[in-house]
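Residue-level structure breakdown
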Amino acid sequence: MILIVAALHVGAFWFWETRFALHPLMPMSIWKHKCYPPLIAVMFLTHMGLGIFLWHLSLFGNSVRGYGAIATGGQLVPTAIMGCLMTIAAGVLVSRIGAKWIFHMGLTNGVIALVIFATMPAQQIYWAQAFVAAIFMGLDADLVHTTGQIVVFAAVPFDPENPRAQGVAATL
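So, here is what we can say about the structure in this document. (Residues numbered from 1 in each chain as written. Predicted model: local features only at pLDDT ≥ 70, side-chain atom pairs only at ≥ 80, totals over all residues. Heavy atoms only, no water.)

Time to look at the side chain of T146. Relative to the assigned elements, T146 resides in helix α6 (residues 130-155). Only 2.8 Å separates the side chain of T146 from the backbone oxygen of D142, close enough to count as a polar contact. Residues contacting T146, with those up to four places away along its chain left out, are T87, A90 and G91. (Helix = DSSP H or I, 4+ residues; strand = E, 2+ residues; numbered from the N terminus. Polar contact = N/O pair within 3.5 Å; in protein donor to acceptor, adjacent residues only side chain to side chain. Contact = heavy atoms within 4.5 Å.)

It is worth spelling out the environment of H56 at this point. Within the secondary structure, H56 sits in helix α2 (residues 36-64). For H56, a relative accessible area of 35% translates into the label partly exposed. A sequence separation of 61 residues divides H56 from F117, and the C-alpha atoms of the two residues are 9.2 Å apart. (Buried < 20%, exposed > 50% of the residue type's maximum accessible area, 1.4 Å probe, protein only.)

Here we come to the packing of aromatic side chains. Pairs of aromatic rings are described using the distance from one ring centre to the other and the angle between the two planes. Applying the stated rule across the entire model yields seven aromatic pairs. Centroid distance W16 to F20: 5.3 Å. Interplanar angle 40°. Geometry classified as tilted. Accessibility expressed as a relative area gives 49% for F20, which makes it partly exposed. The interplanar angle of 70° and the centroid separation of 5.4 Å between the aromatic rings of F53 and F117 together place this pair among those described as edge-to-face. With a gap of 64 residues between them, F53 in helix α2 and F117 in helix α5 (residues 99-118) connect regions that are remote in the sequence. Exposure class is identical for F53 and F117. Each is buried. An aromatic cluster of three or more residues is present, and its members are F15, W16 and F20. (Phe/Tyr/Trp six-rings, centres within 6.5 Å; stacked < 30°, edge-to-face > 60°.)

This is how it looks when you write it as structure tokens:
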């Protein structure tokens, strides 16, 4: 039900932006750039994978392994720490090895994290697989998101009539 409501909101937003908005928040012309729609789709799926991972890791620790609230939350700390570090690292590495490779590294780390998590036995200690999966998932979303923003910002040309287009495209 919520997914249907969300889809209706997106449709209403698009309709309003294209028909009635005098100064649209999001110029629809940015969707015409060849790299933008697939990049947004991949980033959307990556963040869905992150959300599903965080939800199920918490649920798995709490329900299956019987962790308390603090231990359940503590399982997520490696993901947060690696995410912070990878945001900085991606910004530095883009100019050295290229955005495409960093983007692929992020996606590969996400797949590795989800495979490790999916094969985790119920009564195994946290450090064996859950910790490793949490680290790889931290490498995933922030490498993909940071690099994706840089690629979109560079791909959308500067338009003097609409100087905000680059920033809006990168923000989405």
